[in-house]
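If you want the building blocks of each chain, they are given just below.
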Amino acid sequence: NLLKNLQKTRNLTYLFIAHDISVVKHISNRIAVMYLGHMMELASANELTRLLNDRSLSFVEIADEMNFSSLSFLSRYVKKLLGVSPSEYRKQTKV
């Protein structure tokens, strides 16, 4: 909470590197996933959840909208970020 408070009051931007995605999603608005030194995905957590909540979109369409290279990257990203698969997320949320 201290970092979030400083971010708001001082208008700060962080480059926050971590292996624990739950910590990352708490402090970050945008998240980049890196693999072997290369950025594989860049996404807004809010945008991703908005798209997942839009039941008219298929997971393939969401992956394309978020510029993920494949559906498997989307599935792994959602699992890391939200702790559940995209389909489980949709089952758990009522929109």
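Figured I'd write up the structure that's included with this text. All figures in this text were calculated on a predicted structure; none of them were measured in a lab. What you see as residue numbers is a count from 1 along each chain, following the sequence as written. Reporting of local features is limited, given that this is a predicted model, to residues whose pLDDT is at least 70; pairs of side-chain atoms are given and counted only at 80 or more, and all residues count toward the totals for whole chains, interfaces and linings. The side-chain values count all of the structure's non-hydrogen atoms but skip hydrogen atoms and water molecules.

Examining the nonpolar core
- In this structure, Leu-48, Ile-62, Met-66, Phe-68, Leu-74 and Tyr-77 are the most contacted members of the largest nonpolar core, which totals 19 residues.
- Tallying contributions element by element places helix 5 (residues 71-82) first for this core, with five residues. Nonpolar core, defined: a set of buried Ala, Val, Leu, Ile, Met, Phe, Trp, Tyr and Cys residues in which side-chain atoms within 4.5 Å join the residues together. Think of it in three bands: with a 1.4 Å probe and only protein chains considered, a residue is buried below 20% of the maximum accessible area for its type, exposed above 50%, and partly exposed in between. A run of DSSP states H or I qualifies as a helix once it reaches four residues; a run of E qualifies as a strand once it reaches two. Both are numbered from the N-terminal end.

Examining the pattern of salt bridges
- One speaks of a salt bridge when a side-chain nitrogen belonging to Lys or Arg is within 4 Å of a carboxyl oxygen belonging to Asp or Glu. Enumeration according to the criterion identifies two salt bridges in this entry.
- The closest approach of N and O atoms between Arg-50 and Glu-47, which form a salt bridge, is 2.7 Å. Of this pair, Arg-50 and Glu-47 both sit in helix 3 (residues 45-53), separated by three residues, roughly a single helical turn.
- Ionic pairing is found between Glu-88 and Lys-91, a salt bridge with its closest N-O pair at 3.4 Å. Here Glu-88 pairs with Lys-91, and both are found in helix 6 (residues 86-92), just three residues apart, close to one helical turn.

Details of helix 5
- Given the number of residues in a helix, its expected span is that number minus one, multiplied by 1.5 Å. Helix length check: helix 5 (twelve residues) gives 16 Å between terminal C-alpha atoms against 16 Å at 1.5 Å per residue, within 8%.
- Those residues of helix 5 that sit buried are Phe-73, Leu-74, Tyr-77, Val-78 and Leu-81. Relative to the axis of helix 5, the buried residues are bounded by an arc of 130 degrees and lie together on one face.
- Taken from the residues just after helix 5, Gly-83 is the one with a positive phi, measuring 85 degrees. Arc definition: directions from the helix axis to the C-beta atoms.

A look at unusual backbone geometry
- The phi torsion at Asn-11 lies on the positive side, around 55 degrees, for a residue other than glycine.
- Position of Asn-11 relative to the elements: it lies in the loop between helix 1 (2-10) and helix 2 (21-27).
- One non-glycine residue with positive phi stands out, namely Asn-67, at about 60 degrees.
- Within the secondary structure layout, Asn-67 lies in the loop between helix 4 (59-65) and helix 5.
- For Asn-67, a relative accessible area of 66% translates into the label exposed.

Some details on the packing of aromatic side chains
- What counts as a ring pair is set by centres within 6.5 Å for rings of Phe, Tyr and Trp (its six-membered ring), and what kind of pair is set by the plane angle: stacked under 30 degrees, edge-to-face over 60, tilted for all other angles. Counting across every chain of the model gives one aromatic pair.
- Taking 5.2 Å as the distance between ring centres and 45 degrees as the angle between the ring planes, the aromatic pair formed by Phe-68 and Tyr-77 counts as tilted. Tyr-77 matches Phe-68 in its accessibility class, with the two residues each being buried.

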